[in-house]
Amino acid sequence: MGNSEAGHARLRRAFIGAFSDTATKEVHAPVIEKYVHLWIGQFKAMIEKNGKENGGTSAEPAETWTNTTATVDMISWLNFLTFDISGDLSFGESFGSTARGEPHAWVDIANGYGKGIALIASLNYFVAPLQKLLRFVMPASVRRKMAYHQNWTAQKVRKRLEFKKDRADFMGAVLKYNNQPVKTKEEKVSIQELELNMATFIFAGSETTSSALAVVLFELLKAPDILKRVQDEVRSAFEREKDIDVARCSKLEYLSAVINEGIRIGPPSVIGVPRVVKGHGEEVCGKWVPGGTYLAVNQYAAFHATANFTDPSKFQPERFLTPDADAKTSNDNLAVFQPFLVGRHTCIGQKFAWAEMRLVLARLLFAFDISRAETNSATVNVGDWGEQKTFIFWEKEPLHVSLKKRVS
Ligand code: HEM
């Protein structure tokens, strides 16, 4: 969001209206609910199809079918869902991935960007002149993909600006900000700025949320007792599936603890965006840091340090069940746990992320009994989330999950 602090503050002011409590309740919640419903519906349809293919007929009740499971790669399906939700709220239409069960080229390219940015940033830092050569040595296919991505985003921004002018989505909030009579031309956000920022914005809201959900599921599938406890909480809170909505899910305490603990084990913003110390230097956390030093909070290291957490590799949601002092492990320093950052650059979409994460898990755990699917995939070899690579974001291995229609 902007290259300078002043530029950042201006863009943040323009977007902040999109994240008010009213927007969360009236605009975001129905969109999130609509896509999560579609997502769950796709899994049910897969189970139904599998049941019929394995000897069932549509005349029989589904409970009697020999096979009532479906196996899905959650990494892909979570990406379909979160990008569709952000796409709808940004461009007025989704990427159509949840409905089709297929990735969209735009999303695939965006997912490769983390690695690209990491490479460019490293070249820039260590061998700055080489970075200038990068555009000459970059393969034509990569340049074509980048051009496609930029053009597609620009077209979508322009299309969105032409219609639904009063829709109170992410872009609608910026338009409202621009239309305030007191705003000077310099303060307003230009179309070019929107074209440049919307791709990052969608990525910031989708990849992170899907990563968080992925690590939560990854850990739950390894911890049957915790899975049962959270499933019991969800199933006893709601009688019917259609009662599960964003507002009601916010009251599920154990589910929230499970999500926090998953994020602690595998923070989506794993390495953190670095900042450069200005001037001669500054005192940071009680230590003098010379000017020009790159500083970042390495969330993974901070959340896995024994100085901060007892048994840091252990998935133990009870840590977050304050004020239950007995359950909370004595040595945990929860103040360290700031996955959304703090200060002027703190995540603008955290309430949105929470709404999405709680609803996805509640609907999934309510409707299905889940287990790790037996496959030959590399995932089976990933015993610890931290074994996976990161290039700014996690490069996640597939996570095959078996979904079975709930029996109780
Ligand atoms: C679990 C999910 C999420 C996590 C862990 C997360 C984490 C973060 C972090 C750590 C930052 C600060 C980056 C920096 O160092 O500057 C950030 C910024 C940001 N996030 Fe999130 N985020 C999540 C979800 C979302 C969602 C759902 C949205 C939008 C719908 C969003 C939009 C943004 C934006 C626009 C910024 C830049 C804010 C600024 O520079 O002022 N994020 N996020």
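About the criteria used
- Residues numbered from 1 in each chain as written.
- Predicted model: local features only at pLDDT ≥ 70, side-chain atom pairs only at ≥ 80, totals over all residues.
- Heavy atoms only, no water.
- Near = heavy atom within 4 Å.
- Polar contact = N/O pair within 3.5 Å; in protein donor to acceptor, adjacent residues only side chain to side chain.
- Helix = DSSP H or I, 4+ residues; strand = E, 2+ residues; numbered from the N terminus.
- Nonpolar A, V, L, I, M, F, W, Y, C, P; charged D, E, K, R; others polar.
- Expected span 1.5 Å × (residues − 1).
- Buried < 20%, exposed > 50% of the residue type's maximum accessible area, 1.4 Å probe, protein only.
- Contact = heavy atoms within 4.5 Å.
- Salt bridge = Lys/Arg side-chain N within 4 Å of Asp/Glu carboxyl O.
- Donors = N, O, S within 2.8 Å, 3.2 Å for Na, K, Ca; no water.
- UniProt positions renumbered as here; feature names shortened; annotations may be inferred.
- Core = buried A, V, L, I, M, F, W, Y, C linked by side-chain atoms within 4.5 Å.
- Phe/Tyr/Trp six-rings, centres within 6.5 Å; stacked < 30°, edge-to-face > 60°.

Q: Whenever I open this one, the site of the ligand confuses me. Can you help?
A: Close to the ligand lie 26 residues; His8, Arg12, Gly205, Arg275 and Cys347 are nearest. In the model, an oxygen atom of the ligand is placed 2.6 Å from a nitrogen or oxygen of the Arg12 side chain. Contacts to the ligand include Arg275, whose side-chain N or O atom sits 2.8 Å from an oxygen atom. Listing elements by their share of the shell around the ligand, those giving two or more residues are helix H1 (5–16), helix H9 (191–220) and helix H14 (350–367). Considering each element in turn, the shell around the ligand owes the most residues, six residues, to H9. Among the residues making up the shell around the ligand, the classes are represented as 16 nonpolar, eight polar and two charged.

Q: Mind showing me how you'd approach helix H12 (residues 253–265) here?
A: In an α-helix, one turn spans 3.6 residues, which is why side chains three or four residues apart end up on the same side. The first and last C-alpha atoms of H12 sit 19 Å apart over 13 residues, in line with the 18 Å expected at 1.5 Å per residue. Among the 13 residues in H12, twelve count as buried, and that is most of the element. Here H12 has its buried residues at Tyr254, Leu255, Ser256, Ala257, Val258, Ile259, Asn260, Glu261, Gly262, Ile263, Arg264 and Ile265. Those residues of H12 hidden inside the fold are in contact with H9, helix H10 (224–237), helix H13 (299–303) and H14.

Q: Explain the pattern of salt bridges to me, please; I cannot follow it from the model alone.
A: One side chain can pair with another of opposite charge once the charged atoms of both are near each other. Scanning the entire structure with this criterion turns up 23 salt bridges. Glu195 is paired through a salt bridge with Arg158; the nearest N and O atoms lie 2.6 Å apart. Here Glu195 is found in helix H9, whereas its partner Arg158 is found in helix H7 (residues 140–162), with 37 residues between them in sequence. On the accessibility criterion, Arg158 (40% relative accessible area) is partly exposed. Ionic pairing is found between Arg167 and Asp169, a salt bridge with its closest N-O pair at 2.8 Å. The exposure class of Asp169 is buried, given its relative accessible area of 0%. Linked by salt bridges that have partners in common, Lys34, Asp88, Arg160, Arg167 and Asp169 make up one network.

Q: I'm lost on the coordination of the iron atom of the ligand in this one. Help?
A: Reference values for coordination geometry: four tetrahedral donors around a metal ideally subtend 109.5 degrees, six octahedral donors ideally subtend 90 or 180 degrees. Counting protein donors to the iron atom of the ligand gives just one, Cys347 (SG), placed at 2.3 Å. Relative to the assigned elements, Cys347 resides in the loop between H13 and H14.

Q: Help me out: how do you make sense of the UniProt feature "binding site: heme" (unreviewed entry) in the protein chain in this one?
A: The UniProt record marks Cys347 with the feature "binding site: heme" (unreviewed entry), using the residue numbering of this structure. Dropping the residues within four chain positions of it, Cys347 is found in contact with Arg12 and Phe340.

Q: I tried to follow the nonpolar core on my own but got confused; where do I start?
A: Generally speaking, soluble globular proteins have nonpolar side chains that are buried together. In terms of nonpolar packing, the biggest core is built from 105 residues, with Trp39, Met74 and Leu403 touching the most fellow members. When residues in this core are grouped by element, the largest group, 14 residues, is from H9. Excluding residues that lie within four positions of it along the chain, Met74 makes contacts with Trp39, Phe43, Leu217, Leu364, Leu399, Val401 and Leu403.

Q: Help me out: how do you make sense of the packing of aromatic side chains in this one?
A: The relative placement of two aromatic rings is captured by the distance of their centres and the angle of their planes. Considering all chains together, one arrives at 21 aromatic pairs under this definition. Seen from their ring centres, Phe19 and Phe170 are 5.3 Å apart, and the 25° between their planes marks the pair as stacked. Taken together, the positions of Phe19 in the loop between H1 and helix H2 (21–53) and Phe170 in helix H8 (residues 170–178) put the pair 151 residues apart, joining distant regions of the chain. The class for Phe19 is buried, based on a relative accessible area of 11%.

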